[in-house]
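One letter stands for each residue in the lines below.
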Amino acid sequence: MVMMTLPGGVAVYGDTQFLPGYSVLLPKRQVSSLNDLTIPERVAFLKDMSLLGDAVLQATHALRINYDILGNTDQFLHAHVFPRYQTEPAERLQKPVWLYSPEHWSNNKYLYQPGRDDKLRAKITALLNRQK
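Residues numbered from 1 in each chain as written. Predicted model: local features only at pLDDT ≥ 70, side-chain atom pairs only at ≥ 80, totals over all residues. Heavy atoms only, no water.

1. Re the sheet that holds strand S3 (residues 23–27)
Read from one edge to the other, the open sheet built from five strands follows the order S1-S2-S3-S5-S4, with strand pairing classed as antiparallel. Taken across any chain shown, the strands that pair with only one partner, and hence form the sheet edges, are strand S1 (2–6) and strand S4 (64–68). Strand-to-strand twist of the sheet, defined as the mean angle between neighbouring strand axes without regard to direction, takes the value 20°. Inspection of the sheet shows strand S2 (residues 9–13) paired to S3 by five bridges, in the antiparallel sense. Opposite Ala 11, over in S3, you have Leu 25 as the bridge partner. Sheet strands in contact with helix H1 (residues 39–60) are S1, S2, S3, S4 and strand S5 (79–84), and its direction is about 160° off that of S3. Here helix H4 (residues 114–131) sits on the sheet in contact with S1, S2 and S3, set at roughly 15° to S1. (Pairing = 2+ DSSP bridges. Helix = DSSP H or I, 4+ residues; strand = E, 2+ residues; numbered from the N terminus. Axes fitted to C-alpha atoms, helices over the stretch in contact; angles between N-to-C directions. Contact = heavy atoms within 4.5 Å.)

This is the structure we're talking about:
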């Protein structure tokens, strides 16, 4: 699912795609939180998170991008990049993605499917390549 290695991390395409284009940025070294990175590493990671968001936004024509760095469940740094769409129900669009029903995270119909998702993944990767 790796799209590209960037100066501050590795951009990967999400394994669930109920919001098409969902991606994640992983740091180059495994740490528990953003605070465990040096200041230059933090700057590079956060910059690359925003560049990944730019690429997702441009590729999907989403309404906006939501960024999320939590660390409550998974004890390793990673940044979620969620496109949010005008087509989402209004009550969902005003709330965090995590409030979608559990089936959105586990139902096979939302899991990555090459035939359905490869084109968008390739488009995001191409846009990331242009930002280098």
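2. What about the packing of aromatic side chains?
Here the structure, examined in full by the defined rule, presents eight aromatic pairs. Seen in terms of ring centroids, Phe 18 and Trp 105 are 4.8 Å apart; in terms of plane orientation they differ by 85°. Their pairing is edge-to-face. Here Trp 105 lies in helix H3 (residues 103–106) and Phe 18 lies in the loop between S2 and S3, a separation of 87 residues in the sequence. Since its relative accessible area comes to 13%, Phe 18 is described here as buried. Taken together, a centroid distance of 4.8 Å and an interplanar angle of 15° make the contact between Trp 98 and Trp 105 stacked. Exposure remark for Trp 98: the relative accessible area of 33% places this residue in the partly exposed category. Judged by relative accessible area, Trp 105 falls into the partly exposed class, the value being 25%. Three or more aromatic residues joined by ring pairs form one cluster here, namely Phe 18, Tyr 22, Phe 82, Trp 98, Tyr 100, Trp 105 and Tyr 110. (Phe/Tyr/Trp six-rings, centres within 6.5 Å; stacked < 30°, edge-to-face > 60°. Buried < 20%, exposed > 50% of the residue type's maximum accessible area, 1.4 Å probe, protein only.)

3. Things to note about the packing of H1 against H4
Between H1 and H4, the least distance of the axes is 9 Å, while the angle of their chain directions is 130°. On the basis of the axis angle, H1 is oblique to H4. Pair H1 / H4 crosses with right-handed handedness. Counted together, Leu 51, Leu 52, Asp 54, Ala 55, Val 56, Gln 58, Ala 59 and Thr 60 of H1 and Leu 120, Lys 123, Ile 124, Leu 127, Leu 128 and Gln 131 of H4 form the full contact between these two elements. (Parallel < 35°, antiparallel > 145°, perpendicular 65-115°, else oblique. Left-handed = near helix turned anticlockwise from the far one by under 90°.)

4. Notes on the pattern of salt bridges
A full pass over the atoms with the stated rule returns three salt bridges. A salt bridge links Arg 84 to Glu 88; the nearest nitrogen and oxygen atoms lie 2.9 Å apart. Classification of Arg 84 by relative accessible area gives buried; the value is 0%. The partner of Arg 116 in a salt bridge is Asp 117, and the shortest N-O contact between them spans 2.9 Å. (Salt bridge = Lys/Arg side-chain N within 4 Å of Asp/Glu carboxyl O.)

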